[in-house]
Amino acid sequence: MAELLWCEVKVAAEAAKLELVAEAFQAAGSGGVVYDDPAILNSRLYAADEVFSDELLQNIAETTGVKAYFPVDDRLGQRLTVLKAQLGQVLGRTPQLQLRRIREDDWSQAWKTYFKPEKIGKVVVKPSWEEYRAAPDEVLVELDPEMAFGTGNHPTTRLCLELLQELVSPSRAMLDLG
């Protein structure tokens, strides 16, 4: 069985154009994108109990941009040509694409290093591969990150969990309408 390779493609872009750049990546056939924006850590208000791993802090991008992954196959050259043309229109300049090959087995596990237990008040959301010993007053939610949910670090998730902790009591009936 041949080893599957992926091409990581990254382009620098000003923050105001990140969404347009992401659309260009998706139009070229990427299943999703990653935003590299070092300003995110400076602009977000963190709870006193939030901790970042040294590995995460060392891997924060120095420049703002977007990256995506494409399979290394006979269509890659055409995809990159289309992508470069679309990015040129969006950015108003010839884009400099940074390319890096990644082996499937490395990529399929590497993302897990960035997900650690997330403590929101007395609720702790943790992926299954991370160890965490909950305190007696904590509620442990073991949930593996997926495309739409699972980390507990999205602002709306945090706000909902904080609000639920204020409103819910053992005597209160609740209905989750999804």
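Residues numbered from 1 in each chain as written. Predicted model: local features only at pLDDT ≥ 70, side-chain atom pairs only at ≥ 80, totals over all residues. Heavy atoms only, no water.

**Comments concerning the sheet that holds strand β7 (residues 139-142)**
As a reminder of what qualifies: Here, a strand pair is defined by DSSP locating no fewer than two bridges between the strands. Under the DSSP-based scheme used, a helix requires at least four consecutive residues in state H or I and a strand at least two consecutive residues in state E, with every element numbered from the N terminus. Helix axes use the C-alpha atoms of the stretch in contact, all axes being lines fitted to C-alpha atoms, and the angles between their N-to-C directions lie in the range 0 to 180 degrees. Contacts are assigned to residue pairs that have any heavy atoms within 4.5 Å of one another.
Strands sit in the order β5-β6-β7 across an open sheet of three strands; the sheet is mixed. The two strands at the open ends of the sheet, each matched to only one other strand, are β5 (118-120) and β7. This sheet shows a mean twist of 20° between the axes of neighbouring strands, independent of strand direction. Pairing analysis gives three bridges linking β5 to strand β6 (residues 123-126), with the strands arranged antiparallel. Bridge pairing in β6 links Glu 118 to Val 125. Against the sheet, helix α6 (residues 155-167) engages β5 and β6, with an angle of about 40° to β5.

**Considering a nonpolar patch on the surface**
So the rule is basically this: Only residues whose relative accessible area exceeds 30% and that take part in no salt bridge are eligible for patches, with like-charged residues grouped when within 9 Å of each other and nonpolar side chains (Val, Leu, Ile, Met, Phe, Trp, Tyr) grouped when within 5 Å. Working definition of accessibility: Shrake-Rupley area with a 1.4 Å probe, residue cover restricted to the visible protein chains. Within this document, salt bridges are pairs made up of a side-chain nitrogen of Lys or Arg and a carboxyl oxygen of Asp or Glu, the two lying within 4 Å of each other.
A contiguous nonpolar surface patch, about 430 Å² in accessible area, is contributed by Leu 163, Leu 164, Leu 167, Val 168 and Met 174. As for its placement among the helices and strands, Met 174 is situated in the segment after α6.

Purely geometric stuff here, so don't read any function into it on its own.
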